[in-house]
Amino acid sequence: MNKYYLNYLEQLEAEGIYIMREVAAQFEKPSLLFSGGKDSITLVQLAKKAFAPGKFPFPLVHIDTGHNFKEALDYRDNLVKELGAELIVRKVEDSIRERKLTEPKGKFASRNWLQIHTLLDTIEEFKFDACIGGARRDEEKARAKERIFSVRDAFGQWEPKLQRPELWNIYNGRIHKGENVRVFPISNWTELDVWNYIRKENIPLPSIYFAHYRDVIEHEWQLVAVSDYIQIDETDVIMHKRVRYRTVGDMTCTAAVESNAETLDEVVNEIIATRISERGETRIDDKVTEAAMEDRKKGGYF
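Residues numbered from 1 in each chain as written. Predicted model: local features only at pLDDT ≥ 70, side-chain atom pairs only at ≥ 80, totals over all residues. Heavy atoms only, no water.

Would you mind going over the sheet that holds strand S3 (residues 87-91) in detail, with residue names and values included?
Ordered by their spatial adjacency, six strands build an open sheet running S3-S2-S1-S4-S6-S5, and the pairing between neighbours is mixed. Across the chains shown, the open sheet's two edge strands, defined by having one partner strand only, are S3 and strand S5 (149-152). Along the sheet, successive strands turn relative to each other by an average axial angle of 30°, direction set aside. Pairing geometry for S5 and strand S6 (residues 180-183), over four bridges, is antiparallel. Pairing of Val151 across the sheet is with Val181, part of S6. Sheet strands in contact with helix H2 (residues 38-51) are strand S1 (30-33), strand S2 (60-64) and strand S4 (130-132), and its direction is about 140° off that of S1. Across the sheet, helix H4 (residues 92-99) lies against S2 and S3, angled at about 45° from S3, the strand it touches most. (Pairing = 2+ DSSP bridges. Helix = DSSP H or I, 4+ residues; strand = E, 2+ residues; numbered from the N terminus. Axes fitted to C-alpha atoms, helices over the stretch in contact; angles between N-to-C directions. Contact = heavy atoms within 4.5 Å.)

In structure tokens, the structure reads:
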């Protein structure tokens, strides 16, 4: 990694730390949304640096769909112990039961839409006025419309046409009662930036980010892990392949990529060589409609 790029990563880190401190200064009850994926792990690292040697400042909030990779849950629990942080877990399954929601059906029955209810209920329960998330603008075109401080109305909804200007890195966190702000400190990062930062900081990751053998089926040129959460049909061929994950979502909607990358250096080299975005290559739920992500965000998704 050359000196120029190291300097660039330091600039991104400084911006992220500045945003973390702005959140702590402007809001009374902020939280950090945590999935066990590389982006939320990067957020934890930035928050640690922003407030060291003090106590980790934000509760970690995990909206548990029940369709998680075990490796991500194990990583989450170990990280919380290491940080001494507060962990808040709320389950989509409870929302389905309490709200009498209709469980999705089909081959890859994702609960992504349903977790909106759980997230909004959690925000209301704890009166969070800011939720820090790991979305990046390079991931998807709806996320490219986001400001770093993204205001949500009293119903948790997002209106892309009513975004506030953020000139000269001045972030406006003023909100009315009932509103909240979603904060995205790594908006300006790319997938490659995240991986290079993780390599630079030597941050441990869940093992599924590196090459391993797993039973998968092929669906529309994507490799989906065999699990209790997907429907295996008679026509499906179960294959044992060496794969890794570029992004960590639910097992029902996240595809793997074939890979031999066992180290951070090898992963970075693969990312440099690829021409397809991580969500474009591995997220099944984003392919439902052209506006799938934007529709979810307008409804309250982070």
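Hey, could you go over H4 for me, with residue numbers and the actual values?
Those residues of H4 that fall on the buried side of the exposure criterion are Val92, Ser95 and Ile96. For H4, the angular spread of buried residues about the axis comes to 100°, placing them on one side. In H4, those exposed residues whose orientation departs by more than 90 degrees from the buried face are Arg97 and Glu98. Buried residues in H4 make contact with S2, S3 and helix H5 (115-126). Directly after H4, the chain includes Lys100, whose backbone phi takes a positive value near 55°. (Buried < 20%, exposed > 50% of the residue type's maximum accessible area, 1.4 Å probe, protein only. Arc of directions from axis to C-beta.)

Let's hear about the sheet that holds strand S8 (residues 222-225): which residues, and what values?
Judged by pairing direction, the barrel is antiparallel, and its four strands sit side by side in the order S7-S8-S10-S9 before closing back on the first. Each strand of the sheet is rotated relative to its neighbour by a mean of 70°, with strand direction disregarded. By the bridge criterion, two bridges tie strand S9 (residues 239-244) to strand S10 (residues 255-258) in an arrangement that is antiparallel. Bridge pairing in S10 places Arg244 opposite Val257.

Can you explain unusual backbone geometry? Please cite residues and give values.
The step from Ala52 to Pro53 runs through a cis peptide bond, and the omega angle for that step is 0°. Following the sequence through the fold, Pro53 ends up in the loop between H2 and S2. Look at Glu220: it is not a glycine, yet its phi comes out positive at around 50°. Its location among the elements puts Glu220 in the loop between strand S7 (212-219) and S8. For Glu220, a relative accessible area of 55% gives the class exposed. In this structure, Trp221 is a non-glycine residue whose phi angle is positive, near 70°.

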